[in-house]
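Observations on the three-dimensional arrangement
Listed below are the residues making up each chain.
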Amino acid sequence: GQNIDQPTEMTATEGAIVQINCTYQTSGFNGLFWYQQHAGEAPTFLSYNVLDGLEEKGRFSSFLSRSKGYSYLLLKELQMKDSASYLCAVSLGGSYIPTFGRGTSLIVHP
Amino acid sequence: EAQVTQNPRYLITVTGKKLTVTCSQNMNHEYMSWYRQDPGLGLRQIYYSMNVEVTDKGDVPEGYKVSRKEKRNFPLILESPSPNQTSLYFCASSSPQATGDLAKNIQYFGAGTRLSVL
């Protein structure tokens, strides 16, 4: 694999903010993706980062540091429907096909 | 409606009985991929195709075959299924060229095929 590491599980309270981290090997880095996957469903695209910095999209933001091989997904104003797995995926090398991490299962409770 | 269609959605079979899972996309995407998803292991790539008649092995290709004779279709073939191939399978398509950034290879996934090999 590409040594993509993210926490297995996180819990948070409705209305709160949660940060899901992802680290990866930096050699041959092209870009980084975050996907959301609800139980029993297909993954859906959330965000893409190629340059250092923060990309904001509504309640969701994604940050990238290329030199550190580090990204995070920030979810604000958590809602119950945000309970899902969040997959970090990295594109490395010449094929541009992303490799996925094992995913972080986020549980939002009232 | 733009979509990736997999069939069947659910399949129970027995060891050694050849099967094919079909995948079709209507978005004229160049890239197509197959993944399997297992608890604790995440999404692992089986095979991918960057265009018609071009296929490459992913991380876990053993026991699988694919073909890309037409742009829209990318079937996954299990010649002799075994119980360790019991899994949830996803097909995906993408078109990095359409985004103007080859690295921005956003995957669009089918609904998944849940396979049980007894």
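One can find the structure itself at the top, above this paragraph.
The notes below deal with the structure included here.

Definitions and limits used
Residues numbered from 1 in each chain as written. Chains lettered and ligands numbered in written order. Predicted model: local features only at pLDDT ≥ 70, side-chain atom pairs only at ≥ 80, totals over all residues. Heavy atoms only, no water. Pairing = 2+ DSSP bridges. Helix = DSSP H or I, 4+ residues; strand = E, 2+ residues; numbered from the N terminus. Axes fitted to C-alpha atoms, helices over the stretch in contact; angles between N-to-C directions. Buried < 20%, exposed > 50% of the residue type's maximum accessible area, 1.4 Å probe, protein only. Polar contact = N/O pair within 3.5 Å; in protein donor to acceptor, adjacent residues only side chain to side chain. Phe/Tyr/Trp six-rings, centres within 6.5 Å; stacked < 30°, edge-to-face > 60°.

1. Observations concerning the sheet that holds strand β5 (residues 53–57) of chain A
Residue and element names in this part refer to chain A.
- Judged by pairing direction, the sheet is antiparallel, and its four strands sit side by side in the order β2-β7-β6-β5 without closing on themselves. The open sheet has two free edges, formed respectively by β2 (18–23) and β5, since each of these has just one partner strand. In this sheet, adjacent strand axes meet at a mean angle of 15° when their direction is disregarded.
- Two strands pair when backbone bridges link them, and β2 and strand β7 (residues 70–75) are joined in this way by six bridges, in the antiparallel orientation. Across the sheet, residue C22 finds its bridge partner in β7, namely S71.

2. Comments concerning the environment of E70 of chain B
Residue and element names in this part refer to chain B.
- Locating E70 in the fold gives a position in the loop between β7 (65–66) and β8 (76–78).
- Residue E70 is classed as partly exposed on the basis of its relative accessible area of 44%.
- In the structure, E70 is positioned 44 residues away from N26 in sequence and 12 Å away in space, judged by C-alpha atoms.
- A polar contact is formed between the side chain of E70 and the side chain of N73, at a distance of 2.8 Å.

3. Quick word on the packing of aromatic side chains
- Across all of its chains, the model carries 14 aromatic pairs over all chains by this definition.
- When the ring of Y35 of chain A is compared with that of F100 of chain A, the centres are 5.3 Å apart and the planes differ by 55°; the resulting orientation is tilted. Taken together, the residues span a long stretch of sequence, with Y35 of chain A in strand β3 (residues 29–37) and F100 of chain A in strand β9 (residues 98–100) at a distance of 65 residues.
- Given the relative accessible area of 0%, Y35 of chain A is considered buried.
- Judged by relative accessible area, F100 of chain A falls into the buried class, the value being 7%.
- Relative to Y89 of chain B, the ring of Y64 of chain B has its centre 5.9 Å away and its plane inclined at 65°; by these criteria the two rings are edge-to-face.

Just distances and angles here, no functional claims.
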